[in-house]
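Next come the chains, spelled out residue by residue.
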Amino acid sequence: MAKSKFEYVRLFETEDRCLPNSWIVVRVDGKGFHKFSTEHDYEKPNDMRALSLMNKAATSVMEEFKDICLAYGQSDEYSFVFRKETQVYSRRSAKLSTNVCSLFTSAFVYYWSEHFPSSKPLYPPVFDGRTVLYPSNQNIRDYLSWRQADCHINNLYNTTFWALILKAGLTPGEAEQKLKGTLSGDKNEILFSQFSINYNKEPEMLRKGTILVRRKVPVVLPDGSGTREKSQIVQLHTDVIGDEFWNENNHLLTIS
Ligand code: GTP
Ligand code: MG
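What counts, and at which threshold
- Residues numbered from 1 in each chain as written.
- Chains lettered and ligands numbered in written order.
- Predicted model: local features only at pLDDT ≥ 70, side-chain atom pairs only at ≥ 80, totals over all residues.
- Heavy atoms only, no water.
- UniProt positions renumbered as here; feature names shortened; annotations may be inferred.
- Near = heavy atom within 4 Å.
- Polar contact = N/O pair within 3.5 Å; in protein donor to acceptor, adjacent residues only side chain to side chain.
- Areas by Shrake-Rupley, 256 points an atom, 1.4 Å probe, with all protein chains shown as cover.
- 1 Å grid on protein atoms, 1.4 Å probe; cavity = no way out; pocket = protein on both sides within 12 Å on 5 of 7 lines; lining within 4 Å.
- Sits in = over half its atoms within 2 Å of the grid points.
- Helix = DSSP H or I, 4+ residues; strand = E, 2+ residues; numbered from the N terminus.
- Core = buried A, V, L, I, M, F, W, Y, C linked by side-chain atoms within 4.5 Å.
- Buried < 20%, exposed > 50% of the residue type's maximum accessible area, 1.4 Å probe, protein only.
- Contact = heavy atoms within 4.5 Å.
- Axes fitted to C-alpha atoms, helices over the stretch in contact; angles between N-to-C directions.
- Parallel < 35°, antiparallel > 145°, perpendicular 65-115°, else oblique.
- Left-handed = near helix turned anticlockwise from the far one by under 90°.
- Nonpolar A, V, L, I, M, F, W, Y, C, P; charged D, E, K, R; others polar.
- Donors = N, O, S within 2.8 Å, 3.2 Å for Na, K, Ca; no water.

Naming follows an unreviewed UniProt entry, where the protein chain appears as tRNA(His) guanylyltransferase of Daphnia pulicaria. Per UniProt, the protein chain has the following entry under Sequence similarities (unreviewed entry): "Belongs to the tRNA(His) guanylyltransferase family." You can read under Catalytic activity (unreviewed entry) in the UniProt record for the protein chain the words "a 5'-end ribonucleotide-tRNA(His) + GTP + ATP + H2O = a 5'-end phospho-guanosine-ribonucleotide-tRNA(His) + AMP + 2 diphosphate + H(+)".

Okay, here's the thing in C-alpha cells:
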C-alpha cells in the first residue's frame, strides 16, 4: 500500500530498547500519596486495606506479564522484575513502563471497592513509572535490598512517630523533634519502654514489604481424582537482603 506523504514523521520516534542480558525493573510509585492517603483516611502509620489493594493491583500486573519473575512492594510503590532474557515488547523501555504502570493504576481503581467498600476514590489516583536496567545479579539483589531497607527505615520511623502522636498525645512537630537524630535502637527503645511495642513482633508485611513470586501449587482436579500442579502468584514477607531467600529461590537468578 502506498505510504502517505506524512509517513516520514515516524522517523522522529527514537529507539528505546533495553540493553540485552540485563534485568529490567519497572517501578511504579503513587503521585502525591501523602495527600491521597490523608484524603482517603488511610490508617496511620499503615493501612492494611491500602497495602492489600496495592498487592492485588501488582498481582494483576504479574498475571498479565508472565515474564515478570518477582515483584516487590511497600508503601505506595511496587517494583516489577522482568526475566533477564525477556523479549516482551522487544524490550522497549517506554512500552514496558507505560503498560505496567497503566495496568497497575487501572487495577488499583478497579479493585478499590473490594478493599474500601464504603468509599469511592475522591479523584483518579496517579502512579508514575520508570524502567531501570541492572546488569548483574548482585545489582538486582542490591536494588531489592535498597527498597527493603527503605521499607524498614520508613516503617520504624512512622511506627514510632505515630505512636508518639496517637498514644502519647504529642503534636506532629513535637514527635518530629523527639525523633530527630535518633538511631534505630533508640526508636526500638521508645516503642518498647513507652508503648510496650516490640517492633520485631509487628506484622512482617509492614516491616519487610511484600514479595510476589510464582510457585507451583497442587490443585485438586474437578473430578476429585487427584491433584495437578498449577503456577500461582504467592505473597511472601521475608527478608531479601540476606542469602537465605536467594538460596531457596536460586531459579530466579539463573537463566532458564
Ligand atoms: P511523590 O511520590 O513524589 O509524588 O510523593 P508522595 O506524596 O507519594 O510521597 P512518597 O512516595 O515519598 O511516600 C508515600 C507516602 O504515601 C507516604 O509518605 C505516606 O504519606 C503515604 N502512605 C503510603 N502508605 C500509607 C499507609 O499505609 N498509611 C498512611 N497513612 N499513609 C501511607
Ligand atoms: Mg509516591
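Additional details are given in the paragraphs that follow.
Peer 1: I keep staring at the site of ligand 1 and nothing clicks. Help me out?
Peer 2: Of all residues adjacent to ligand 1, which total 15 residues, the nearest are Asp 29, Gly 32, Phe 33, His 34 and Asp 47. One of the side-chain N or O atoms of Asp 29 is found 2.8 Å from an oxygen atom in ligand 1. Contact with the protein chains hides 65% of the accessible area of ligand 1, taken as 650 Å² for the molecule alone. When atom positions are compared with the pocket grids, ligand 1 is found to occupy the largest pocket. Sort the elements by how many residues they give to the shell around ligand 1 and helix H1 (residues 33-39) lands first, with three residues.

Peer 1: Got a minute to help me understand the nonpolar core in this structure?
Peer 2: Core analysis: the biggest nonpolar cluster contains 31 residues, and Tyr 78, Phe 80, Phe 104 and Phe 108 have the highest contact counts within it. Breaking this core down by element, the ones donating at least two residues are strand S1 (23-30), H1, helix H2 (48-64), strand S2 (68-74), strand S3 (77-82) and helix H3 (93-110). Top contributing element to this core by residue count: H2, with seven residues. When near neighbours in sequence (up to four residues on either side) are disregarded, Phe 108 contacts Phe 33, Phe 36, Tyr 42, Leu 53, Met 54, Ala 57, Pro 125 and Phe 127.

Peer 1: Even after reading the chapter, I still don't get the packing of H2 against H3, so can you show me in this structure?
Peer 2: Two quantities define a packed helix pair, namely the angle between the axes and the distance from one axis to the other. Running from amino to carboxyl end, H2 crosses H3 at an angle of 135 degrees, the nearest separation of the two axes being 8 Å. Relative to H3, the element H2 is oriented oblique. Our pair here, H2 against H3, has a crossing hand that is right-handed. Residues Leu 53, Met 54, Ala 57, Ala 58, Ser 60, Val 61 and Glu 64 of H2 touch H3, and the partners they reach there are Val 100, Leu 103, Phe 104, Ala 107 and Phe 108. Per-class residue counts for the contact of H2 with H3 are 10 nonpolar, one polar and one charged.

Peer 1: Help me understand the environment of Glu 204, please; the structure alone is not making it clear to me.
Peer 2: Among the structural elements, Glu 204 can be located in helix H8 (residues 204-208). On the accessibility criterion, Glu 204 (39% relative accessible area) is partly exposed. Remark: the alpha-carbon pair of Glu 204 and Pro 124, spanning 80 residues in sequence, is separated by 30 Å. Residues within four places of Glu 204 in sequence aside, it is in contact with Gly 209 and His 237.

Peer 1: Before we go on, may I ask you to explain unusual backbone geometry in this structure?
Peer 2: Glycine aside, residues mostly have negative phi, and peptide bonds are mostly found in the trans state. Residue Pro 45 is reached from Lys 44 by a cis peptide bond, and omega for that bond is 0 degrees. Tracing the chain through its elements places Pro 45 in the loop between H1 and H2. The backbone of Tyr 89 sits at a positive phi, close to 50 degrees, despite the residue not being glycine. Its location among the elements puts Tyr 89 in the loop between S3 and H3. In the Ramachandran plot, Ser 90 falls in the positive-phi region, its phi being about 50 degrees despite a non-glycine side chain. Note on placement: Ser 90 falls in the loop between S3 and H3. For Ser 90, a relative accessible area of 32% puts it in the partly exposed group.

Peer 1: Which parts of the structure should I look at to understand the coordination of the magnesium ion (ligand 2)?
Peer 2: In ideal tetrahedral geometry, four donors around a metal make angles of 109.5 degrees, whereas ideal octahedral geometry with six donors gives angles of 90 or 180 degrees. Every protein donor of the magnesium ion (ligand 2) is accounted for by Asp 29 (OD), Gly 30 (O) and Asp 76 (OD), and the metal-donor separations fall at 2.1 Å. On the primary sequence, the residues serving as donors to the magnesium ion (ligand 2) are separated as D-G-x45-D. Of this pair, Asp 29 sits in strand S1 while Asp 76 sits in the loop between S2 and S3; the two residues are 47 residues apart in sequence, bridging distant segments of the chain.

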